[in-house]
Amino acid sequence: MAKGLGQNTVVVKLFGALIVVLLAGGAVALAGPIGFVGLVAPHIARFLVGPDYRWVIAYSGALGGAMVVVADVAARIVLRPQEIPVGVMMALVGAPFFIYLARWRVRR
């Protein structure tokens with residue numbers, strides 16, 4: 001319908017995707033890379049349990065904690081005598097996931 005009214009939908013979708021990425025990047029810049037947990041965990045939980053938010057909230061909390069523990073263990077193992085900050089490990093997991101999520105939403 002928007003295309004029929006003369007709107008350039010490709011530009012609107014690209015602009016919307018750019019705004020989403022900038023807002024998420026700003027949130028991560030304020031909260032630090034560990035903030036990716038709050039962005040990634042609810043999406044994974046919704047994928048696992050469906051759209052019922054009673055379960056999504058519970059699973060998001062458990063999943064977020066598990067993600068941080070796994071990131072901490074991986075950060076200690078990767079460079080054995082040294083440690084990588086947990087935030088860096090979360091950014092390595094969270095950034096590609098968020099880019100995938102943003103691109104998937106644009107295509108729909």
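This report concerns the structure included in the present document. Predicted, not measured: the structure shown is a model, and the values here were computed from it. (Residues numbered from 1 in each chain as written. Predicted model: local features only at pLDDT ≥ 70, side-chain atom pairs only at ≥ 80, totals over all residues. Heavy atoms only, no water.)

Counted according to the given criterion, the structure contains three salt bridges. Its salt-bridge partner being Asp 52, residue Arg 54 comes within 2.9 Å of it at the nearest N-O pair. The class of Asp 52 is partly exposed, set by a relative accessible area of 27%. Here Arg 76 ties to Glu 83 by a salt bridge, and the two come within 3.5 Å at their closest N and O atoms. Exposure remark for Arg 76: the relative accessible area of 43% places this residue in the partly exposed category. Take Glu 83: its relative accessible area is 54%, and that puts it in the exposed class. Through salt bridges with shared partners, a single ionic network connects Asp 72, Arg 76 and Glu 83. (Salt bridge = Lys/Arg side-chain N within 4 Å of Asp/Glu carboxyl O. Buried < 20%, exposed > 50% of the residue type's maximum accessible area, 1.4 Å probe, protein only.)

As a further point, take helix 1 (residues 9–31). The end-to-end C-alpha separation of helix 1 is 33 Å, in line with the 33 Å expected for 23 residues at 1.5 Å each. Every buried residue belonging to helix 1 is among Ala 17, Ala 24 and Val 28, and all of these are buried. Looking one or two residues beyond helix 1, the residue adopting positive phi is Gly 32, at roughly 90°. (Helix = DSSP H or I, 4+ residues; strand = E, 2+ residues; numbered from the N terminus. Expected span 1.5 Å × (residues − 1).)

With that settled, the discussion passes to the nonpolar core. Counting residues in hydrophobic clusters, the biggest one holds nine residues: Val 37, Val 40, Ala 41, Met 67, Ala 71, Ala 75, Ile 84, Met 89 and Met 90. Elements supplying a minimum of two residues to this core: helix 2 (36–49), helix 3 (53–78) and helix 4 (86–107). Those residues in contact with Met 89 that lie beyond four places of it in its chain are Ala 71, Ala 74, Ala 75, Val 78 and Ile 84. (Core = buried A, V, L, I, M, F, W, Y, C linked by side-chain atoms within 4.5 Å. Contact = heavy atoms within 4.5 Å.)

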